[in-house]
Amino acid sequence: MRIGTQNQAFFPENIKEKFIYLKEAGFEGFEIDGKLLVDHIEEVKEAIQETGLPVTTACGGYNGWIGDFIEERRLNGLAEIKKILEALKEVGGKGIVVPAAWGMFTFRLPPMVSPRSLAGDRKAVMQSLVYLDKVAEETGTTIFLEPLNRYQDHMINTLADARRYIEENNFKNVKIIADFYHMNIEEDDISEALHKNRDLIGHIHLADNHRFQPGSGSLDFRKHFNQLKEDGYDGFLTLECRIRGNDPESEYLAALHHLRASLT
Ligand code: LER
Ligand code: MN
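Residues numbered from 1 in each chain as written. Chains lettered and ligands numbered in written order. Predicted model: local features only at pLDDT ≥ 70, side-chain atom pairs only at ≥ 80, totals over all residues. Heavy atoms only, no water.

K.L.:
How do you make sense of the overall build of the chain when you look at a structure like this?
P.N.:
In terms of regular secondary structure, the chain is built from 10 helices and eight strands. Here the chain has a C-alpha radius of gyration of 18 Å; the compact-globule value for 264 residues is 18 Å, and the two agree. Seen through its C-alpha atoms, the chain measures out along the principal axes to roughly 50 × 40 × 35 Å. Buried residues in the chain amount to 53% of all 264 residues. (Helix = DSSP H or I, 4+ residues; strand = E, 2+ residues; numbered from the N terminus. Rg over C-alpha atoms; globule rule 2.2 N^0.38 Å. Buried < 20%, exposed > 50% of the residue type's maximum accessible area, 1.4 Å probe, protein only.)

Take a look at the structure:
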């Protein structure tokens, strides 16, 4: 298992300098914003070549969710995700992380009534995945379908929810991304959910229980990593977290150290 990261505000802004910084800090992969990749593909290619640090995946950087309530936005999202997958192919990236939607609706806060039926939700997400499964096939990439906690999305909250879409449609290029922060809210037991879905988990996001940096909260990373090892997971563990503490850089590097120690 290798450790990657999304962007952080304290990383250098310049793409090449960012890659050099990440390589020297000990990260083994970068999860890039989809728009940054598409808009600066030549610079990204050069940075990969110069540092050997791979772009593992993309996350975000498109407008319109695969489960968007507004059809025009859903279709726009699909067109932009296609461009990101084509760019990922060019740089050797594995695929894109996509939730059904993020911040569009939650049953847990007012008005608590969805403008669309559950059947309508399923139809929209399914139609999007049917399309993206084909684009992923053509580009040799993967769609990493991401369950989010109930306050961020109402459609796919658990690994089992994501699994149902994949199994019912027999998707070959859609896998599950397991995000420890969301799992800590939605799953009965993180290790058990990882084990039950071991055949479909293709990517992982890491944060501690409260979404701050690993090691600052109460999650037992060693336990869950041991489960992943036992189940033969050999993909990336990508940091997606907020940082709390006086010096973000040293807190973040301490989190990387904590994760490395939990892997041994
Ligand atoms: C949002 O909370 C999240 O976990 C991101 O990975 C969105 O895809
Ligand atoms: Mn995530």
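K.L.:
Can you help me understand the nonpolar core in this one?
P.N.:
Soluble globular proteins tend to bury their nonpolar side chains together. Among the nonpolar cores identified, the biggest contains 71 residues, and I96 and F180 are the most heavily contacted of them. Broken down by element, this core gets its largest block of residues, seven residues, from helix α4 (residues 71-91). Once residues lying within four places of it in the same chain are set aside, the contact partners of F180 are I190, L194, I204, H205, L206, A207, L219, F221, H224, F225 and L228. (Core = buried A, V, L, I, M, F, W, Y, C linked by side-chain atoms within 4.5 Å. Contact = heavy atoms within 4.5 Å.)

K.L.:
What is the right way to read the sheet that holds strand β3 (residues 55-59) from this model?
P.N.:
Adjacent strands of a sheet form backbone hydrogen bonds with each other and so pair up, either parallel or antiparallel. In space, the eight strands of this closed barrel follow the order β1-β2-β3-β4-β5-β6-β7-β8, with parallel pairing throughout. Across the sheet, the mean angle from the axis of one strand to that of its neighbour is 30 degrees, orientation sign disregarded. Where strand β1 (residues 2-5) lies against strand β8 (residues 236-239), four bridges are found, and the strand directions are parallel. Note on β8: the bridge partner recorded for R2 is F236. Taken strand by strand, helix α10 (residues 248-263) contacts β1, β7 (201-206) and β8, and its axis lies near 160 degrees from that of β1. (Pairing = 2+ DSSP bridges. Axes fitted to C-alpha atoms, helices over the stretch in contact; angles between N-to-C directions.)

K.L.:
Got a minute to help me understand the site of ligand 1 in this structure?
P.N.:
The immediate surroundings of ligand 1 are formed by C59, V97, P99, W102, E146, L148, Q152, D179, H182, H205, R211 and E240. R211 is positioned with one of its side-chain polar atoms (N or O) 2.8 Å from an oxygen atom of ligand 1. Between E240 and ligand 1, the recorded distance is 2.7 Å, taken from a side-chain N or O atom to an oxygen atom. Relative to its unbound accessible area of 260 Å², ligand 1 is 90% covered by the protein chains. Residues of the shell around ligand 1, tallied by class, amount to five nonpolar, three polar and four charged. (Near = heavy atom within 4 Å. Polar contact = N/O pair within 3.5 Å; in protein donor to acceptor, adjacent residues only side chain to side chain. Areas by Shrake-Rupley, 256 points an atom, 1.4 Å probe, with all protein chains shown as cover. Nonpolar A, V, L, I, M, F, W, Y, C, P; charged D, E, K, R; others polar.)

K.L.:
Teacher, can you tell me more about the pattern of salt bridges here?
P.N.:
Side chains carrying opposite charge are able to pair once their charged atoms draw close together. This model, assessed by the stated rule, comprises 18 salt bridges. With a shortest N-O distance of 3.1 Å, E28 and R260 are connected by a salt bridge. Here E28 is found in the loop between α1 (15-25) and β2 (29-32), whereas its partner R260 is found in helix α10, with 232 residues between them in sequence. For E28, a relative accessible area of 27% gives the class partly exposed. (Salt bridge = Lys/Arg side-chain N within 4 Å of Asp/Glu carboxyl O.)

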